[in-house]
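# Observations on chain architecture
Spelled out, the chains give:
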Amino acid sequence: MADLSPQELRVLAAVADSGGFSAAGAALGLTQSAVSHSVRGSEAKVGAVLFERGRGGASPTPAGERAVALARRILRMYEVLGAEARGAGRDTVAGVLRIAAFRSAALHLLPPALERLTARHPGIRPEVRVVRELGAGTAGEVAAGRADLGIATLNATGASGGGSAGGAGGASGSVPAGAAAPGRLLTGVLREETYALVHPAGHPDPRALPLLDWDENCGSYTRDWWRAQDWIPRATVKAEDDGMVLTMVGRGLGMAILPELSLCEATDAVDITGLGPSGPVRRVGYVTAPESASTLAVRALIRELRSEAG
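Here is a short report on the structure shown in this document. These figures come from a predicted structure and were not determined experimentally.

### Quick word on helix α9 (residues 242–250)
Along α9, the residues that are buried comprise Asp-242, Gly-243, Val-245, Leu-246, Met-248 and Val-249. Residues of α9 that are buried in the fold lie against α5 (103–108), β7 (186–200), β8 (211–214), β9 (235–239), β10 (256–259) and β11 (270–274). Capping of α9 at its N-terminal end is provided by Asp-241; its side-chain oxygen lies 2.9 Å from the backbone amide nitrogen of Gly-243. After α9 finishes, the residue Gly-252 shows a positive phi value of roughly 85 degrees.

Have a look at this one:
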């Protein structure tokens, strides 16, 4: 099989990102026919159809999704090659560092680590995107080549560990904690967080209140814990993020069960009650691709995140 050139990889990524051959051509400064010819050549080299063509544009087939993800990751290695070479043997590194994180991690876990990172390496330019931990979540951004490192919720490997946020249902974006995650991603645990009951301050019977929940508060073994608690009702209100839930609890609209990072924004309007030693725990960690894990910038960020986690 003939190798794909960097330009062919760029075309594949552009078609996937733009949703069509014409738009990809406009983004790359090529004609539609040149893009079409490039894609056909790539499909012939790979031996698989990479895009479904239609009146609405072009969408990746399963083979195409995998090829595009690898194309982005390979192109990223081309981008960082110069910075890696210049940083070899030096005490600093420069360049863009792409990070995906769920909301509370982006607000409370990342900033201190990035502050130390950029103080030590002024040439690093972090680009942080907040990604909801639903479906593929932050790990999906790394697997797809859109992020160099993700902060994700990690599944536990045993009963004593945590998983993704506990909840009544839904699909979380959590990934297994350990050496390798789906798509051969690498993970590492940064912290374990207990969950707590949060309720309006001074309420005499918080467990009698309606349950407030959010879309990402779901998945992993914590579902079993959740179902075993006969005092927890079905959620009467579901919000898009944990910050909204915390605000509504402070307004007296109900109670919620939230992990520690989500409670960093708690005010005097709420009280926090522990759930005891059998309460759910989640693991928060980093996710990166094997090729990114060896780069100077990602290694430096992981060191700072581990330092922050203590």
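### Examining the packing of helix α1 (residues 6–18) against helix α4 (residues 62–87)
Contact geometry of α1 with α4 gives a least axis separation of 9 Å together with a crossing angle of 125 degrees. Looking at the two axes, α1 sits oblique to α4. The handedness of the crossing between α1 and α4 is left-handed. Packed against α1, whose contacting residues are Pro-6, Leu-9, Arg-10, Leu-12, Ala-13, Ala-16 and Asp-17, the element α4 presents Val-68, Ala-71, Arg-72, Ile-74, Leu-75 and Tyr-78 at the interface.

### Details of the nonpolar core
Counting residues in each nonpolar core, the largest one holds 25 residues, and the members touching the most others are Leu-97, Leu-149, Ile-151, Leu-301 and Leu-305. Here this core gets six residues from one element, more than from any other, and that element is helix α11 (residues 296–309). Every residue in contact with Leu-301, bar those within four places of it in the chain, is listed here: Leu-97, Ile-99, Leu-114, Leu-117 and Leu-149.

### A short note on the packing of aromatic side chains
What describes a pair of aromatic rings is the distance from one ring centre to the other and the angle between the planes of the rings. Counting across every chain of the model gives one aromatic pair. Seen from the ring of Trp-231, Arg-207 lies directly overhead, with NZ or CZ sitting 4.0 Å from the centre.

### A closer look at α4
The terminal C-alpha atoms of α4, which comprises 26 residues, lie 37 Å apart, in line with the 38 Å expected from a rise of 1.5 Å per residue. At Val-80, α4 is bent by approximately 40 degrees, the largest bend along its length. Residues of α4 that are buried: Gly-64, Ala-67, Val-68, Ala-69, Ala-71, Arg-72, Arg-73, Leu-75, Arg-76, Val-80, Ala-83 and Gly-87. A positive backbone phi angle near 80 degrees is found at Gly-89, which sits one or two residues after α4.

### Comments concerning the environment of Pro-112
Secondary-structure assignment places Pro-112 in helix α6 (residues 110–120). Sequence separation between Pro-112 and Leu-305 is 193 residues, and the spatial gap between their C-alpha atoms is 8.5 Å.

### Some words on the pattern of salt bridges
Any two side chains of opposite charge can pair, so long as their charged atoms come close to each other. In the structure shown here, the tally under the stated rule is 17 salt bridges. Of the charged contacts in the structure, one is a salt bridge between Lys-45 and Glu-8, with a shortest N-O distance of 3.0 Å. With Lys-45 in helix α3 (residues 32–46) and Glu-8 in helix α1, the pair connects residues that are 37 residues apart, well separated along the chain. Look at Lys-45 and you get partly exposed, because its relative accessible area is 26%. Between Glu-291 and Arg-73 there is a salt bridge whose closest N-O contact spans 2.8 Å.

What counts and what doesn't
Residues numbered from 1 in each chain as written. Predicted model: local features only at pLDDT ≥ 70, side-chain atom pairs only at ≥ 80, totals over all residues. Heavy atoms only, no water. Buried < 20%, exposed > 50% of the residue type's maximum accessible area, 1.4 Å probe, protein only. Helix = DSSP H or I, 4+ residues; strand = E, 2+ residues; numbered from the N terminus. Contact = heavy atoms within 4.5 Å. Polar contact = N/O pair within 3.5 Å; in protein donor to acceptor, adjacent residues only side chain to side chain. Axes fitted to C-alpha atoms, helices over the stretch in contact; angles between N-to-C directions. Parallel < 35°, antiparallel > 145°, perpendicular 65-115°, else oblique. Left-handed = near helix turned anticlockwise from the far one by under 90°. Core = buried A, V, L, I, M, F, W, Y, C linked by side-chain atoms within 4.5 Å. Phe/Tyr/Trp six-rings, centres within 6.5 Å; stacked < 30°, edge-to-face > 60°. Lys NZ or Arg CZ within 6 Å of the ring centre and 35° of its normal. Expected span 1.5 Å × (residues − 1). Bend = angle between axes of the 7 residues up to and from the residue. Salt bridge = Lys/Arg side-chain N within 4 Å of Asp/Glu carboxyl O.

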